[in-house]
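# Architecture at a glance
In case you want the letters, here they are:
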Amino acid sequence: MPVITRISERNRSPRRRNIYVDGKFAFACNVAVAARFGLREGLEIAAEQVERIRGDEVRQECFDAAIHILERRLHSQAELRQKLISKEYGESLIDTVLDELIRLDYINDDRFARARALSDAEHKQHGRRRAMLQLRRSGVGSETAARAVNDVYQDHNSTAVARTLAMKQAPRLRRLDPVVARRRLVGMLQRRGFDYDAIRPIIDEALGPDRPDEEAM
């Protein structure tokens, strides 16, 4: 049976190993793969085992790609899946890798949803509705998204945020026709996710009472 005669570090790739069988280069693999299969000099290795190693090498490559993506920022499971698909990994392989990442707690949609909602509330100054929309666009399930938004926004003073935004825009808008000014301010606040019923008193405070024939945008 063929025998591994040499294992060496691959040039400029400290996490990869060159594997030589019967004195000739046979394949290269990730150091984690080599460890999982217990590869060592003097080990007998059959062709079938080499094929399994090569298959595990692709799985490790997909796993490492996912970790690299997650190092940049948190991702929902759906976001990470789409990015791995774009790298042309097979869906069954991606499912295997995602299951492993969930087991290791590298991806957690509850944690992602709360962090994203908190960022929307505190840094982006978005209202509850916009935060919910962003989570759903990220592929977070409706129940998970709702739970995260409710948790974050129950302690967040959205009215104060909307008022600050409105007062910041008010001096510029007061130079416009009153109807145009109100429509622009309403539109800006609604795009940020604030409901009209909640912001109407703020619009009145910033620009004066509305006209009787005004309709919510």
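Moving on to the overall build of the protein chain. Of regular secondary structure, the protein chain possesses 10 helices and three strands. Secondary structure of the protein chain in N-to-C order comes out as β-β-β-α-α-α-α-α-α-α-α-α-α. In terms of overall size, the protein chain is more extended than a compact globule, its C-alpha atoms giving a radius of gyration of 28 Å where 217 residues would be expected to give roughly 17 Å. Across its three principal directions, the C-alpha atoms of the protein chain cover 90 × 30 × 25 Å. Within the protein chain, the fraction of its 217 residues that count as buried is 40%. At a minimum sequence separation of 6, the contacts of the protein chain that also span at least 24 residues come to 51%.

Membership of the largest hydrophobic core comes to 17 residues, with the highest contact counts inside it found for L165, A166, L185, L189, F194 and I199. Those elements giving two or more residues to this core turn out to be α8 (158-173), α9 (178-191) and α10 (196-207). A per-element tally of this core places α8 first, with six residues. Sequence-distant contacts of L185, defined by excluding residues within four places in its chain, comprise A166, Q169, L173, I203, A206 and L207. In terms of nonpolar packing, the next biggest core, distinct from the first, is built from 16 residues, I67, L84, L93 and V97 among them.

Moving on, we come to helix α3 (residues 77-86). Those residues of α3 that fall on the buried side of the exposure criterion are E79, L80 and L84. The buried residues of α3 occupy one face: seen down the axis, they fall within an arc of 130°. At its buried positions, α3 is contacted by α2 (47-72), α4 (91-103) and α5 (109-122).

By the definition in use, this model includes one aromatic pair. Measuring from ring centre to ring centre gives 5.7 Å for Y20 and F25, while their planes differ by 75°; the resulting arrangement is edge-to-face. On the accessibility criterion, F25 (44% relative accessible area) is partly exposed. Directly above the aromatic system of Y20 lies the positively charged group of R6, at a separation of 5.0 Å from the ring centroid.

As a further point, take the packing of α8 against α10. Following both chains from N to C, one finds α8 and α10 inclined at 35°, their axes separated by 9 Å at the closest point. Two packed elements cross with a definite hand, and for α8 against α10 that hand is right-handed. From α8, T159, A162, R163, A166, M167, A170 and L173 reach across to α10, where they touch I199, I202, E205, A206 and L207.

On to the side chain of Q134, then. Take Q134: it is sitting in helix α6 (residues 128-137). Apart from the residues within four sequence positions on either side, Q134 is in contact with R116 and D120.

Take the pattern of salt bridges next. Across all of its chains, the model carries 14 salt bridges by this definition. For the salt bridge of E100 with R103, the shortest nitrogen-to-oxygen distance reads 2.8 Å. With E100 and R103 both in helix α4 and three residues apart, the pair spans about one turn of that helix. By relative accessible area, which is 25% here, E100 ends up partly exposed. For the salt bridge of K124 with D120, the shortest nitrogen-to-oxygen distance reads 3.9 Å.

Criteria and cut-off values
- Residues numbered from 1 in each chain as written.
- Predicted model: local features only at pLDDT ≥ 70, side-chain atom pairs only at ≥ 80, totals over all residues.
- Heavy atoms only, no water.
- Helix = DSSP H or I, 4+ residues; strand = E, 2+ residues; numbered from the N terminus.
- Rg over C-alpha atoms; globule rule 2.2 N^0.38 Å.
- Buried < 20%, exposed > 50% of the residue type's maximum accessible area, 1.4 Å probe, protein only.
- Contact = heavy atoms within 4.5 Å.
- Core = buried A, V, L, I, M, F, W, Y, C linked by side-chain atoms within 4.5 Å.
- Arc of directions from axis to C-beta.
- Phe/Tyr/Trp six-rings, centres within 6.5 Å; stacked < 30°, edge-to-face > 60°.
- Lys NZ or Arg CZ within 6 Å of the ring centre and 35° of its normal.
- Axes fitted to C-alpha atoms, helices over the stretch in contact; angles between N-to-C directions.
- Left-handed = near helix turned anticlockwise from the far one by under 90°.
- Salt bridge = Lys/Arg side-chain N within 4 Å of Asp/Glu carboxyl O.

Distances and angles like these do not, on their own, reveal function.
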